[in-house]
Amino acid sequence: MSALLGSAADIANTILATEVSGDDGGGLFWLLVSGPASAVTTYMMIYRYYRNTDKSHSFERETAIESQPITGSDNKVDERNGTTDTSIPGDNREDHRARVRRLP
Amino acid sequence: MSDTDPTSFGAEQLGNEPVVETPEDLAEALGADPNAPKTIDTENKRLDDGVNRCPKCASTDIQLRPSTGMLVCLFCRHEWSEERVEERIAGNGSLQDLKGTHIASGATAINTEAAGVLTLKCAGCGSEVIVNIDETTSARCHWCRHVLSVNEQVPNGAVPDAVLPFSLTHDQALAAIKQFAGKRKLFAHRKFKQEFAPENVVGVYLPYMIIDSNASADVVGKGEIETRRYTRGTGDNKTTYYDADVYDVARHVDFTVDDLIIESSADRANMNTFVNTNNVINTILPFDTKNAVEWNANYLVGFTSEKRDQDTDAVQPVLEHQLLSIARSEVMLSTRAYDRGVRWETERLDVHGTRWVSMYLPVWLYSYYHVSNGKPMVHYIAVNGRTGETMGSVPVSHPRLLFAALTIGTFVETIALAILWATI
């Protein structure tokens, strides 16, 4: 229960740190949804802690692997200017288990 | 004197005859398929089916003593262990030299036609005892009380190449399960708490394939490096824009993997968390498989076991998925320069060599059958029988969980409205 109250306090602090003004439509929206959002987050966090549905063996790190030096190439092919995306679309660099098209 | 190049002498003399230098060449010369899987014999030749006696006093009452990981004679208390299999299977060769498919004899294809029962002749009294090898690998002679065990590798998947004995005692497993469940009392389902009986934890040997691999992988995709970041607009309508260089990125990695552990029971390999909790058993991997010993049915006395029902062909897609995941993990650091990320689009895997060993691994398992909204599910709390790593699934009380979530949500929303009220 103390963990729950801690997470509630964290969320409250985040809200207090948010600068709100009457003209700020985005800030108002986030302020209003913060209650339902924290309820959903709390539910999911506790559910995962009890059921551990997201857990599996980390074979990428927990197995003895020996790699030779990585080789490869990097060629500039294009420029992307004026985008509002904070990262490349479809970034899967850290999602090692998401399979992409397999070449024979 | 001939003008022939002296270095070509041998070839000229042999004409079109193949040069036999390696076992593969020899196999080809004999007309055998050089790519056919090679078998490594792992049968424990010292033991036969039937009566296996204590080497000191000849008693057959033998079982594992988990606190030492050794077999103990219940009559004279002599303790001993079977030989480690690692040296016999892997030898001294480097995994980088592993070529082709090598399958240990206990991991070869399961014959579904194989008889489910075996008749053993008791060496103590001469009577015949029938053992249901689909369910057990030892039985007691009902006449003279000798323990009879099955040690030959019957092609029904019941006898693996090796076994990793329990080294965690029942009491240690009990403590681990109590601690795990104790931390999850508040929102646990009421019935789970009422019926919680951790002393019912059972030691189970679960079947796995232990696979060594020598492979190469290629991944190709796009990467972006930020070149400029700027903001446009004023007041509350500010937007951040990014300029980036786009690259074609390709990476190649040659790698070896030692003792990858994959489930070889179809039931355990199914990890759909909507219908089962097998993922928690998967989470307690890995095991110190290098310490596995030659098969002896006495290691299973007092424990239960699950039979292997998956061949190498069935496990191969899982192996390839894991090798590709490892390759992607290995190349990740080499793409650090792409600060806006990398999108891998294609991947290729070349498996040069694999070595397959079937093994029983020790798991302490507490299971709880629970029906929620008409949907039955078995919740496991599993303890690694060697390392003590514990993971589990505890059924939750949804009304209590909902109440807690709504309380937190209401608390946060009240603060939010208070802030809003103060700023208007």
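What counts as what
- Residues numbered from 1 in each chain as written.
- Chains lettered and ligands numbered in written order.
- Predicted model: local features only at pLDDT ≥ 70, side-chain atom pairs only at ≥ 80, totals over all residues.
- Helix = DSSP H or I, 4+ residues; strand = E, 2+ residues; numbered from the N terminus.
- Buried ≥ 20, exposed ≤ 12 C-beta atoms within 10 Å, placed from the backbone.
- Contact = placed C-beta atoms within 7 Å.
- Pairing = 2+ DSSP bridges.
- Core = buried A, V, L, I, M, F, W, Y, C linked by C-beta atoms within 7 Å.
- Nonpolar A, V, L, I, M, F, W, Y, C, P; charged D, E, K, R; others polar.
- Expected span 1.5 Å × (residues − 1).
- Arc of directions from axis to C-beta.
- pLDDT = per-residue confidence, 0-100.

## A word on the overall build of chain A
Secondary structure assignment for chain A yields 3 helices and 3 strands. In chain A, which comprises 104 residues, the proportion classed as buried is 17%.

## Considering the overall build of chain B
Tallying secondary structure elements over chain B gives 9 helices and 18 strands in all. Excluding contacts between residues fewer than 6 apart, the proportion of contacts in chain B whose partners are at least 24 apart in sequence is 73%.

## Thoughts on the sheet that holds strand E4 (residues 70-73) of chain B
Residue and element names in this part refer to chain B. The sheet built from 3 strands is open, its strands ordered E3-E4-E5 with antiparallel pairing. This sheet does not close on itself; its edge strands, each paired only once, are strand E3 (62-65) and strand E5 (79-80). Pairing analysis gives 4 bridges linking E3 to E4, with the strands arranged antiparallel. Paired with Ile62 across the bridge in E4 is Cys73.

## Brief notes about the nonpolar core
Counting 94 residues, the largest nonpolar core has Val163, Ala327, Met359, Leu361, Val363 and Ala382 of chain B as its most contacted members. Looking at this core element by element, the count peaks at 11 residues for strand E16 (residues 342-372) of chain B. Contact partners of Met359 of chain B, with chain neighbours within four places excluded, come to Pro160, Asp161, Ala162, Val163, Leu164, Tyr208, Ile210, Thr289 and Ala292 of chain B. Counting residues in each nonpolar core, the second largest holds 7 residues, with Leu31 and Ala39 of chain A together with Ile408 and Ala416 of chain B among its members.

## Focus on the sheet that holds strand E9 (residues 138-140) of chain B
Residues and elements named next belong to chain B. Pairing in this open sheet of 3 strands is antiparallel, and the strands run E2-E10-E9 from one edge to the other. Two strands lie at the open edges of the sheet, namely strand E2 (50-51) and E9, each paired on one side alone. Alignment of E2 against strand E10 (residues 147-149), held across 2 bridges, turns out to be antiparallel. Its bridge partner being in E10, Val51 is matched across the sheet by Leu148.

## Regarding the interface of chain A and chain B
Contacts between the two partners involve 71 residues from chain A, matched on the other side by 79 residues from chain B. Of all the secondary structure elements, the ones that give two or more residues to the side of chain A that touches chain B are helix H1 (2-17), helix H2 (25-51), helix H3 (59-62), strand E1 (64-67), strand E2 (71-83) and strand E3 (101-102) of chain A. Taken together, the residues that form the side of chain A that touches chain B break down as 26 nonpolar, 25 polar and 20 charged. Alignment of E1 of chain A against strand E13 (residues 239-263) of chain B, held across 4 bridges, turns out to be antiparallel. Paired with Ile65 of chain A across the two strands is Val257 of chain B, which belongs to E13 of chain B.

## Section: the environment of Asp258 of chain B
Here Asp258 of chain B lies in strand E13. Classification of Asp258 of chain B by C-beta neighbours within 10 Å gives partly exposed; the count is 17. Between the C-alpha atoms of Asp258 of chain B and Leu95 of chain B, which are 163 residues apart in sequence, the distance is 7.8 Å. When sequence neighbours within four positions are dropped, the list of residues in contact with Asp258 of chain B reads Ala64 of chain A together with Leu95 and Asp212 of chain B.

## Examining unusual backbone geometry
Residue and element names in this part refer to chain B. That bond from Leu285 to Pro286 is cis: its omega, 10°, falls within 30 degrees of zero. For Ala58, which is not glycine, the phi torsion reads 75° and is therefore positive. For Ala58, the position within the fold is in the loop between E2 and E3. Overall, the presence of 11 C-beta atoms within 10 Å leaves Ala58 in the exposed class. A positive phi angle, near 60°, is found at Asp259, a position not held by glycine. With respect to the secondary-structure elements, Asp259 resides in strand E13. Assessed through the 21 C-beta atoms surrounding it within 10 Å, Asp259 is described here as buried.

## Re the pairing of strand E7 (residues 117-121) of chain B
All names here are of chain B. Here E7 shows a buried face lined by Leu118 and Leu120 and an unburied face lined by Val117, Thr119 and Lys121. In this sheet, strand E8 (residues 128-132) lies alongside E7 in antiparallel orientation, the contact comprising 5 bridges. Pairing of Lys121 across the sheet is with Glu128, part of E8. Where E7 folds back onto E8 in an antiparallel hairpin, the turn is made up of 6 residues, including Gly126, whose phi is positive at roughly 90°.

## Some remarks on helix H4 (residues 170-182) of chain B
For an α-helix, the turn length of 3.6 residues means that residues three or four places apart are oriented alike. Residue and element names in this part refer to chain B. For H4, built from 13 residues, the straight-helix expectation of 18 Å at 1.5 Å per residue is met to within 8% by its first-to-last C-alpha distance of 18 Å. Within H4, the full set of buried residues consists of Ala173, Ala176, Ile177 and Ala181. Along the axis of H4, the buried positions cluster into a sector of 125°, meaning they face one direction only. H4 presents Asp171, Gln179 and Gly182 as exposed residues on the side facing more than 90 degrees away from its buried surface. Looking at the buried residues of H4, the elements they touch are E16, strand E17 (375-384) and strand E18 (390-392).

## Describing the environment of Lys193 of chain B
Residue and element names in this part refer to chain B. As for its placement among the helices and strands, Lys193 is situated in helix H5 (residues 190-194). Given 15 C-beta atoms within a 10 Å radius, Lys193 is considered partly exposed. With 12 residues separating them along the chain, Lys193 and Ala181 place their C-alpha atoms 9.0 Å apart. With residues near it in sequence (within four places) discarded, Lys193 still touches Lys185 and Ala188.

## A few points about the confidence of the model for chain B
All names here are of chain B. A residue-level look at chain B finds 90% of positions with pLDDT of 70 or above and a mean pLDDT of 87. When mean pLDDT is compared element by element in chain B, E18 scores highest at 98, while helix H1 (residues 9-14) scores lowest at 36. Counting interchain partners and residues more than four positions distant, the pLDDT-below-50 stretch residues 1-21 has 10 contacts. Our summary of model confidence lists the complex with pTM equal to 0.84 and ipTM equal to 0.81.

## A word on the pairing of E16 of chain B
Summarising the sheet, E3 of chain A and E16 of chain B pair through 2 bridges and their orientation is parallel. The residue bridging Arg101 of chain A from the neighbouring strand is Thr346 of chain B, located in E16 of chain B. The pairing of strand E6 (residues 100-104) of chain B with E16 of chain B spans 4 bridges and is parallel. Paired with Gly100 of chain B across the bridge in E16 of chain B is Gly353 of chain B. Direction of pairing for strand E11 (residues 162-163) of chain B relative to E16 of chain B: parallel, over a ladder of 2 bridges.

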